[in-house]
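# Architecture at a glance
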Amino acid sequence: SQKIEQNSEALNIQEGKTATLTCNYTNYSPAYLQWYRQDPGRGPVFLLLIRENEKEKRKERLKVTFDTTLKQSLFHITASQPADSATYLCAPYGQNFVFGPGTRLSVLP
Amino acid sequence: DAGVTQSPTHLIKTRGQHVTLRCSPISGHKSVSWYQQVLGQGPQFIFQYYEKEERGRGNFPDRFSARQFPNYSSELNVNALLLGDSALYLCASSLARGNQPQHFGDGTRLSIL
């Protein structure tokens, strides 16, 4: 069955540093992959979409890579801020969205 | 513009009861998907509806059913509630089916006693 893993349940970094979150998937080949942010008590919010033929996608301080050979996506937040603290979910898309368990990011001032 | 709205926000039921959750998509969005999110996990796909037809179904028992109305709003029904059905139920809308950004509501928190 399809399986998605995201690095460590929680990640703590200092303000100003770059946060790197990992998403690994097995047993399928998604054509697209999306990243979402979720704050406590709220629904996920769409951040970025990357297609299998795109190696990298950027939006402001966010960067996503998609390596279909490694079956992995990396999500980077540069110059991180305390306001970036949230849970980040990856969602590879095959026939439907399958969400990973999420990584809870804490940016410490 | 209004985002995705879900009702009710919180609900408490007992085992064996039935529940109906409601979702209004963003205006112009024709696809609605339902997800179950247990604390500490990512959302698990339940259903997708597009143009009032079921277009996808996740690995959930037949106690779960849904429908989409002509105005694209949707209902999720769960029968014979179990303790394990306690979760946050999320609705997401998108312009079309397929790979589109999902716009989520803030969910219905369902607690089963």
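As shown above, the structure is provided for reference.
The structure contained in this document is the topic of the report that follows. Since the structure is predicted, the reported quantities are computational estimates derived from the model, not experimental observations.

### A look at the overall build of chain B
Per the secondary structure count, chain B includes zero helices and eleven strands. For chain B, the sequential pattern of α-helices and β-strands runs β-β-β-β-β-β-β-β-β-β-β. Taken over C-alpha atoms, the radius of gyration comes to 13 Å for chain B, in line with the 13 Å a tight globule of 113 residues would show. Overall size of chain B, expressed as C-alpha extent along the three principal axes, is 40 × 25 × 25 Å. Within chain B, the fraction of its 113 residues that count as buried is 50%. Counting only carbon and sulfur atoms, one obtains 49% of the accessible surface of chain B, whose full area is about 5,400 Å². Charged side chains of chain B number 11 positive and 8 negative; the gap between the two group centres comes to 4 Å.

### Quick notes on the pairing of strand β5 (residues 45-51) of chain A
Residues and elements named next belong to chain A. Bridge count for strand β4 (residues 32-38) against β5 is six bridges, and the pairing is antiparallel. Opposite R37, over in β5, you have V45 as the bridge partner. In this antiparallel pair of consecutive strands, β4 and β5, the connection spans six residues, and G41 shows a positive phi of 75°.

What counts and what doesn't
Residues numbered from 1 in each chain as written. Chains lettered and ligands numbered in written order. Predicted model: local features only at pLDDT ≥ 70, side-chain atom pairs only at ≥ 80, totals over all residues. Heavy atoms only, no water. Helix = DSSP H or I, 4+ residues; strand = E, 2+ residues; numbered from the N terminus. Rg over C-alpha atoms; globule rule 2.2 N^0.38 Å. Buried < 20%, exposed > 50% of the residue type's maximum accessible area, 1.4 Å probe, protein only. Areas by Shrake-Rupley, 256 points an atom, 1.4 Å probe, with all protein chains shown as cover. Lys, Arg positive; Asp, Glu negative; His and termini not counted. Charge placed at Lys NZ, Arg CZ, Asp CG, Glu CD. Pairing = 2+ DSSP bridges.

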